[in-house]
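Here's the letter readout for the chains.
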Amino acid sequence: MTSPRLVGALEIGGTHVTAAVLVAGQRTIEPPRLRRDELKPGATRDELVRSIVAAAQRLSAPAVTRWGVATPGPFDYARGISLIRGVAKLDALHGVDLRAVLSSALALAPQDVLFLNDADAFLIGEWWAGAAQGHERAIGVTLGSGLGSAFLERGHIVETDPRVPPDGRLDLLPFRGAAVEDTLSRRGVRAAYGGDGPDVVEIAQRARDGERRASDVLRGFGTGLGKFLMPWLERFDPTCLVLGGSIARSWDLWADDFRAACAPARRLTSCGVAAHLDEAPLLGAAYHAARAD
């Protein structure tokens, strides 16, 4: 009897690197096969590379024959080379050939380390195992330090189509006369509340405790996000919108305002937070790697 095929998944974020190993086709990640490590503030290129490699090596085994790696852009996903600029702790990775580094460290052929955008991985993970299951068309939006987006139709990411923005990237579009991430992101929420004060998690807690100012800021965020997404909900016409990222954890505080702002969406039957808020990018990366043959 042959052993089940194992695949590895890495998610490289602005503040962390997460690794998991799961059976190909599996829709859940068992806690013993999941590791999350914080990235050191101000880490050098060598320190970042060592952290990423170590996260994979801790879970790697000879039976893990392929790895999927989810990472923010800009990134040369075909070649596995980081082009990242402006993602704080990841800037030092600019120009690093992560495919060569990881394949060497994990004793794999270069073609067995595959890369994809983290927002794409998030939506694929939710389509494969979460809130977007069974939907023909879905949009995924991740809300945190930036705004990530992905558009999916029949299980495939859509990037070059008149129904989606260029490369499927909503973050490149303006909103209210400025870059959308000036408003619809962590820094946008903090700025609306009052500059360098509390972070979003604390603002959300203050809103739950009854503070009017915090509540108004988050309700305004929900309205703004709904108005920003509405043209793309009409154009792509999805039945599912799934939200991720740290700001999605405050969904209960701005959901009604968001829904009111995008109420005209014709066929949107499922709208809300990801079923696997933390694990979806890993599930998507593993799915991508397992089906790359």
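Residues numbered from 1 in each chain as written. Predicted model: local features only at pLDDT ≥ 70, side-chain atom pairs only at ≥ 80, totals over all residues. Heavy atoms only, no water.

## Some thoughts on the overall build of the protein
The number of helices and strands found in the protein is eight helices and 14 strands. Its C-alpha atoms give the protein a radius of gyration of 19 Å, near enough to 19 Å, the size a compact globule of 293 residues would have. Along the longest, intermediate and shortest principal axes, the C-alpha atoms of the protein span 55 × 40 × 35 Å. In the protein, which comprises 293 residues, the share counted as buried stands at 53%. Put simply, 64% of the contacts in the protein that link residues at least 6 apart link residues at least 24 apart. About 13,000 Å² of surface is accessible on the protein, with carbon and sulfur atoms providing 50% of the total. Taken together, the 34 basic and 35 acidic charged side chains of the protein have centroids lying 0 Å from each other. (Helix = DSSP H or I, 4+ residues; strand = E, 2+ residues; numbered from the N terminus. Rg over C-alpha atoms; globule rule 2.2 N^0.38 Å. Buried < 20%, exposed > 50% of the residue type's maximum accessible area, 1.4 Å probe, protein only. Contact = heavy atoms within 4.5 Å. Areas by Shrake-Rupley, 256 points an atom, 1.4 Å probe, with all protein chains shown as cover. Lys, Arg positive; Asp, Glu negative; His and termini not counted. Charge placed at Lys NZ, Arg CZ, Asp CG, Glu CD.)

## What to know about the pairing of strand β14 (residues 270-273)
Both strand β13 (residues 240-244) and β14 contribute to a ladder of four bridges, which runs parallel. Its bridge partner being in β14, Cys-240 is matched across the sheet by Ser-270. Of the crossover connections in this fold, the one passing from β13 over helix α7 (residues 251-261) to the parallel β14 is right-handed. (Pairing = 2+ DSSP bridges. Right-handed = clockwise from strand over helix to strand, strands pointing away.)

## Notes on unusual backbone geometry
Here the bond from Gly-73 into Pro-74 is cis, since omega is 0 degrees, no more than 30 degrees from zero. Despite not being glycine, Arg-176 has its phi angle at roughly 55 degrees, a positive value. Secondary-structure assignment places Arg-176 in the loop between β11 (174-175) and β12 (178-179). Overall, the relative accessible area of 55% leaves Arg-176 in the exposed class.

## With respect to the side chain of Asp-257
Along the chain, Asp-257 falls in helix α7. Beyond its immediate chain neighbours, meaning those up to four positions away, Asp-257 contacts Arg-219, Gly-222 and Thr-223.

## Regarding the environment of Val-64
Relative to the helices and strands, Val-64 resides in strand β4 (residues 64-71). We classify Val-64 as buried; its relative accessible area is 2%. Separated by 17 residues in the primary sequence, Val-64 and Glu-47 have C-alpha atoms spaced 25 Å apart. Beyond its immediate chain neighbours, meaning those up to four positions away, Val-64 contacts Leu-6, Val-7, Gly-8, Val-21, Leu-59 and Leu-108.

## Quick word on the side chain of Ser-103
Within the secondary structure, Ser-103 sits in helix α2 (residues 98-105). You can call Ser-103 buried: its relative accessible area is 6%. Among the polar contacts listed, one links the side chain of Ser-103 to the backbone oxygen of Arg-99, at a separation of 2.8 Å. Every residue in contact with Ser-103, bar those within four places of it in the chain, is listed here: Leu-108, Ala-109, Pro-110 and Val-113. (Polar contact = N/O pair within 3.5 Å; in protein donor to acceptor, adjacent residues only side chain to side chain.)

## Here's the deal with the sheet that holds β13
With mixed pairing, the five strands of this open sheet are ordered in space as β10-β9-β8-β13-β14. Looking along the sheet, the strands with just one partner apiece sit at the ends: β10 (156-157) and β14. As paired elements, strand β8 (residues 137-143) and strand β9 (residues 147-153) share seven bridges and run antiparallel to each other. Following the sheet pairing, Thr-142 is matched in β9 by Gly-148. On the sheet, helix α3 (residues 118-129) packs against β8, β9, β10 and β13 and is oriented at approximately 45 degrees with respect to β9. The strands that α7 touches are β8, β13 and β14; relative to β14, the one it contacts most, it runs at about 150 degrees. (Axes fitted to C-alpha atoms, helices over the stretch in contact; angles between N-to-C directions.)

## Re α2
Looking only at α2, the buried set comprises Leu-98, Arg-99, Leu-102 and Ser-103. Projection of α2 onto a plane perpendicular to its axis shows the buried side chains occupying an angular sector of 120 degrees, all on one side. Along its buried surface, α2 packs onto β1 (6-12), α1 (45-59), β4, β5 (75-76) and β7 (113-117). With its phi angle positive at about 55 degrees, Ala-107 sits one or two positions after the end of α2. (Arc of directions from axis to C-beta.)

## Notes on the environment of Gly-210
Tracing the chain through its elements places Gly-210 in the loop between α5 (200-208) and α6 (212-236). Note on Gly-210: relative accessible area 61%, which makes it exposed. Along the chain, Gly-210 and Ala-61 lie 149 residues apart, while their C-alpha atoms are 50 Å from each other.

## Regarding the sheet that holds β4
Taken in spatial order, the five strands of this open sheet run β3-β2-β1-β4-β7, and their pairing is mixed. Whereas interior strands pair on both sides, the edge strands pair on one side only; in this sheet they are β3 (34-38) and β7. Adjacent strand axes in the sheet meet at a mean angle of 15 degrees when their direction is disregarded. Examined bridge by bridge, β1 and strand β2 (residues 16-23) share seven bridges and lie antiparallel to one another. Across the sheet, residue Leu-10 finds its bridge partner in β2, namely Ala-19. Contacts from helix α8 (residues 280-290) reach β1, β2, β3, β4 and β7, with the element oriented near 135 degrees to β1.

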